[in-house]
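Now for the letters of each chain:
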Amino acid sequence: MHAHRYEQAIDAYEQAAAIGARKIFMTRLYTDLARCYDAAGRYSDELRCYDKLMQLVPDPKLTKVKMAEMQLRMGQYQNVADNLSGLKADPRYDAQRITMLSSAYFHLGKTEPAFALIDSLITASESAKGYTYYNALNNKAFMLADQGNHKQASDLFLQAISHYSADDPKRAVCLGNLALSEAHNGQAEAVQHIEQAAKAIADTYGTNSHDYIIILRKKAEILQMLGMTDMAAEAFKRFFEHERQYVTANFAFMTEQQRRNYWKREQPLIAECYALENQDPDFLLDVAVFSKAILFQQNIDHRHSDKFGKTFQADGQKVRNALKTDECAVEFITYVKNGTERYGAIVAYNDRPTRFVPLIERDSLLACPISSRSGTKPLSYCISYTDRMMKNALYEDKHLYDILWKPVIGDNGQIKKVYFAPDADLHILALEYLPSKSPQPSFYRLSSTYKLVEKSGPANNNNKVLVVGGVDYAANNLPAATNYQPDRSGSRQLSEDHILPRETSGFKYLRGSKTEADSILALLPGFEKRKLVGDQATEMEMKTSWPEANIIHISTHGFCSETLEPKPAEEDKDSLREDKSLIRCGIIMAGANKYAQQKAENQPFEDGILTAREISQIDLKGVNLAVLSACQTALGKTSENGMAGMPQGLKKAGVNTIVASLWHVDDTATTLLMTRFYSHLNDADQPCTQDAMRRAQQDLRQISLTTTSERYAFNPSTLGRRKVKTTKQTNFAAPFFWAPFIVIDGI
C-alpha cells in the first residue's frame, strides 16, 4: 500500500472501531489498525491499539512483546520493564523478551541486572551458536561501548564477526560497529574495517540504500576521531550528498509523520558534519540550509510539486547571492566537540568568504547568571519562567550580546542588516532584542536563511481577515464531528503528560481578548472581515476557516508541554523514533473544558485542543500572516529538529509570516502593541512585517497610561465607609511589556 493510503485506511478503521462489533472482529480490526499506524509512523497510536488488544486477547504474551518492542523504539524504558518483567518463560519469545528487558534496564541505569540478563542469554545459546547467540554478543558489546569500555566491546564484536559468513549482511553491520569501538581506542585498524563494511553493504544493498548512508556517516566519524581531518571532510561531504539524494528520492512517498520521524533520527547525524568547524564553512552552510529546508517542508503530497524538488536543491551559494554588501546571513547551529555540545555560527556574506564561528558550550550558556533586584538566576530559568523582574534583567543585560553576537558580526558598524536562523534554545530567546554597548544593526529572524532566496508571498492575495477572541472554553453544547474521525491526540497527550485541567477548573476566560479582537478589526479597513467569538470559535470551525484567510489573528490560551524525551544511546541513534513535539504544543478553542476530558461520551467530538501537528496538516499556503496573540505560542520543546511548537506547525502548513509570544503576556500591553503593529503595517512606506513590529515596540515604550479606580475604605470619623479614588500611572518601557512577541520571516 502507498504510504499516503495508510492515513485513509486509518480513518476507515477508526470509524469502524467507533461502531463496535464482536470480540473476534475487534481483535482483527485493532491488529490491522496497529499495522497501519506503524506504517504511517504514528507509534503512540499503535501502542493504543495494543492496549485495546490486551483487553481482547485471552493470552496477551505476543501482544505484550510487540508492545514492548514499540515502547523500546520510543524510549519508554520503564514501560518495557513493567510489561516484560512479569512474563512467564516461553521459548517462542524468550530470546526477544530477555534482549529487550536487558536493554530497558540498561537505559534505566540498572546495569547489573541488564548485564546479568544478557549474560544468561549468551550462556543459554552458546552451544547452538545461532542467531540468538550472535545477537546477544552484539547487544552486550553495544552496552559496553556505551559505558566507554571500547576495548572489551571490540573483543565481543570480533567474536560475533567470526561466526558470520562472509556474505552475511549482519557481518557488515558488526564490522562497522567494531570499527567505531576501535576508533575510540585510537586503533588504525578501524579504517580497514569500516572500508570492508562499506564494500559489503554496497555489494548487498547498493549505494543508494539507507544502510550504505549509515556506513558512510560512521566512516566520516571514525576518520574524524582518528585525526584524519582532510579525509574526514571528504567523507562527510560524500555522506551528505548521499543523504540528500535519498531524501529527494523518498520523501515524496512518505506520510508527513514518517517524514518527521525520519528527520528526527537523521538530522542529529547530519549535524555531525559541523565537527569540521572552520575546515570548510561553505560546505557547513550547505548542510545548515538543507537541514532547515527539510524541517519546514510543507505537509502536502509532493509527488507532483515542483517546489518540493527545488527545496532539496537549497544551498548556501544561493543565500550568498541574495545578500547585499552591508548584510550578512547567520545560521546558528549546535554540534558536539570533544564530547561536549556547543553552539556555533555559520556567517555568510555576498562579497567575502563564509566564516565558521565557534561559540559557547550549550550548558555554559544556559548557566549564564542573570542578575536583578530579586536575585541572580541562570539563563535557563529566565527563558523558561514568566518572572517579570528576570525578563527585564535578561533583555537589559549586555553580556549575552557579547557572547552570542559580538564574535559573529563584530562591532565596527559595517554590517547594517543581519538575517539569522536560530537553533536549539536560541529559538526561545529573543536574540534580536539583546542590548549592546555599541550601535546595532537591524536583526531579522528567519526560519531558515534560505528564505532570502524564497521571498515568495502567499498563494493567494485575497483581502480576507479572520480574527478570533473571547473564546468560550466552557461551551458544552457543540456539534459532534460528522463524516470524519475527530483528532483527539492533543487532549490524549495532555492527559498522558498529566497536565490536562479538570473540567471544573479548566481554562479561564480571557477578558481582554474580545476587546483586542474588536480593536484589530477596526484597524483593517478594506478587508473582508470575519470574527469568531464565544462558542463559535470551535476547533472544527477553525480548521475550515483558516485556509480562506490572508491574515489570521488569534487571541486565546496557548500551551506547551515541556515533557522531556530521553536521548538515545549510541547503539540507538540510527533507529527510528517518533517525533511527538508537535502534539505537545497548541492553542485552546471553545468547549475544551468539557470535550478534552477523556470520557467515552466525548469521543465523537473535537477536543478543543488544536495542536501544532493538526495545524501542520491544514493547507495554509494562502495565509500571509498568522498572529498568535496567546501565551507562549512561540515556545516548544527544542530538540534535534530545532524549533518546535506552533511556529513549526504553521510553517509546515505553509504560512508565510508568524507573530508569536515567548512568555505570558500582559493584556493591556498586548492590545496596545497589536493595534500599533497593524497600524504600522499600513504605513505609506510599506514596511516589512518585522519592521512594523519594531516600530510598534518603539511606540509602546513611549506610552504612559493613567488609570483611576475607586474603592471603599473605613472612615474612623463616621465609623462608616467612604469612597477613595486611586490613580495609577503605568508605562511600558520595560522589556517584559514590549519584548514577548517575535516575528518569524516576514522580510
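For the structure itself, look to the data block above.
To keep things clear, this report deals only with the structure shown in the data block.

Calculation criteria
- Every chain is numbered on its own, with residues counted from 1 as its sequence reads.
- Under the rules for a predicted model, residues below a pLDDT of 70 receive no local features and side-chain atom pairs below 80 are neither given nor counted, while totals for whole chains, interfaces and linings still include all residues.
- Computation of side-chain values covers all heavy atoms of the structure but excludes hydrogens and water.
- Helix axes use the C-alpha atoms of the stretch in contact, all axes being lines fitted to C-alpha atoms, and the angles between their N-to-C directions lie in the range 0 to 180 degrees.
- Every helix listed is a DSSP run of H or I at least four residues long, and every strand listed is a run of E at least two residues long, numbered separately from the N terminus.
- Roughly parallel here means an angle under 35 degrees, roughly antiparallel means over 145, roughly perpendicular means 65 to 115, and every remaining angle is called oblique.
- Definitions for this section: a left-handed crossing has its near helix turned counterclockwise from the far helix by less than a right angle. A right-handed crossing has that turn clockwise.
- The contact criterion used throughout is that any non-hydrogen atoms of two residues lie within 4.5 Å.
- Lys, Arg, Asp and Glu make up the charged group, whereas Ala, Val, Leu, Ile, Met, Phe, Trp, Tyr, Cys and Pro make up the nonpolar group; the residues left over, Gly among them, are polar.
- Helix span is expected to be 1.5 Å times the residue number reduced by one.
- Burial classes follow relative accessibility: with a 1.4 Å probe on protein chains only, a residue under 20% of its type's maximum area counts as buried, one over 50% as exposed, and anything between as partly exposed.
- Basic side-chain nitrogens of Lys or Arg form a salt bridge, by our definition, when they fall within 4 Å of a carboxyl oxygen of Asp or Glu.
- A pair of strands is considered paired only if DSSP assigns at least 2 bridges between the two.

## A short note on the packing of helix 5 (residues 77-84) against helix 6 (residues 94-107)
One way to put it is that helix 5 packs onto helix 6 with a least axis distance of 8 Å and a crossing angle of 140°. Judged by the angle between their axes, helix 5 and helix 6 are oblique. As for how helix 5 packs across helix 6, the hand of that crossing is left-handed. When helix 5 is examined against helix 6, the residues Tyr-77, Val-80, Ala-81 and Leu-84 are found in contact with a partner set consisting of Arg-97, Met-100, Leu-101, Ala-104, Tyr-105 and His-107. Grouping the amino acids of the contact of helix 5 with helix 6 by side-chain chemistry returns eight nonpolar, one polar and one charged.

## A few points about helix 6
Relative to the 20 Å expected for 14 residues at 1.5 Å per residue, helix 6 spans 20 Å between its end C-alpha atoms, a close match to the ideal helical length. With 11 of 14 residues buried, helix 6 lies mostly within the body of the structure. What helix 6 keeps buried is the set Asp-94, Arg-97, Ile-98, Thr-99, Met-100, Leu-101, Ser-102, Ser-103, Ala-104, Tyr-105 and Phe-106. Its buried side turned inward, helix 6 meets helix 4 (61-73), helix 5, helix 7 (111-125) and helix 8 (131-146). Looking one or two residues past helix 6, Gly-109 carries a phi angle of roughly 85°, positive in sign.

## What about the pattern of salt bridges?
Within this structure, the stated rule accounts for 36 salt bridges. Notably, a salt bridge pairs Arg-352 with Asp-351, separated by 3.6 Å at the nearest N-O pair. Arg-352 gets classed as partly exposed once you look at its relative accessible area, which sits at 32%. With relative accessibility at 47%, the residue Asp-351 sits in the partly exposed group.

## Observations regarding the sheet that holds strand 12 (residues 585-588)
Pairing within the open sheet is antiparallel, and its three strands lie in the order 11-12-13. Bordering the open sheet on either side are strand 11 (558-560) and strand 13 (609-611), each of which pairs with just one other strand. For this sheet, the mean inter-axis angle between neighbouring strands, taken without regard to orientation, is 30°. Inspection of the sheet shows strand 12 paired to strand 13 by three bridges, in the antiparallel sense. By the bridge assignment for strand 13, Ile-587 is matched with Leu-610.

The values are spatial; any link to function lies outside them.
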